[in-house]
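These are the residues of each chain, in order.
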Amino acid sequence: MPGWSKDRTPDVWIRPIEREGREAVRELLLRDVLPDLARWLREAFEAPQTWRDTRHERRWSIKAGALVAHDDDGMHILDRERGRR
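**Q** Tell me what's going on with the pattern of salt bridges, and back it up with residues and numbers.
**A** For the structure shown, the criterion picks out 8 salt bridges. Salt-bridge contacts for Arg-31 lead to Glu-27; the nearest nitrogen and oxygen are separated by 3.1 Å. Residue Arg-31 and its partner Glu-27 are located together in helix H1 (residues 22-46), separated by 4 residues, close to a single helical turn. By relative accessible area, Glu-27 is classed as partly exposed at 48%. Between Arg-58 and Asp-36 there is a salt bridge, with the nearest N and O atoms lying 2.9 Å from each other. Placement of Arg-58 in strand E3 (residues 58-63) and of Asp-36 in helix H1 is noted, with a sequence separation of 22 residues between them. Asp-36 shares its class with Arg-58; the two are buried.

Structure below.
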């Protein structure tokens, strides 16, 4: 879960996963979450100063079998088939 620390640098946390679901989560991380995180961070560093001066957060979870990205602007379902994030 990325966010901004007090010195305005990004923080990224990955929570522990139970053993039985670990492989599926690892696949999601590599295929969907990390590329989305990289895109979010690129956009964050290019954002206007007023956006960068405020706290932001993005998290990922699985809801009803779909990977969902949560951020302070709302919730966005990641849609790989349509090429949208």
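**Q** Before we move on, can you summarise the environment of Ser-61 with the specific residues and values?
**A** Take Ser-61: it is sitting in strand E3. Along the sequence, Ser-61 and Val-33 sit 28 residues apart, while their C-alpha atoms lie 9.8 Å from each other. Excluding residues that lie within four positions of it along the chain, Ser-61 makes contacts with Ala-66, Leu-67, Val-68 and His-70. Within the local environment of Ser-61, its side chain forms a polar contact with the side chain of His-70, the two groups lying 2.5 Å apart.

**Q** Give a detailed account of the side chain of Arg-58, specifying residues and quantitative values.
**A** When its relative accessible area of 2% is taken as the criterion, Arg-58 is described as buried. Polar side-chain contacts of Arg-58 include one of 2.9 Å to the side chain of Asp-36. Among the polar contacts listed, one links the side chain of Arg-58 to the side chain of Asp-71, at a separation of 2.6 Å.

**Q** I'd like to hear about the environment of Val-25, residue by residue, with values.
**A** Along the chain, Val-25 falls in helix H1. Judged by its relative accessible area of 23%, Val-25 is partly exposed. Expressed as a C-alpha distance, the spacing of Val-25 and Ile-62, which sit 37 residues apart in the sequence, is 9.6 Å.

The rules behind these values
- Residues numbered from 1 in each chain as written.
- Predicted model: local features only at pLDDT ≥ 70, side-chain atom pairs only at ≥ 80, totals over all residues.
- Heavy atoms only, no water.
- Salt bridge = Lys/Arg side-chain N within 4 Å of Asp/Glu carboxyl O.
- Helix = DSSP H or I, 4+ residues; strand = E, 2+ residues; numbered from the N terminus.
- Buried < 20%, exposed > 50% of the residue type's maximum accessible area, 1.4 Å probe, protein only.
- Contact = heavy atoms within 4.5 Å.
- Polar contact = N/O pair within 3.5 Å; in protein donor to acceptor, adjacent residues only side chain to side chain.

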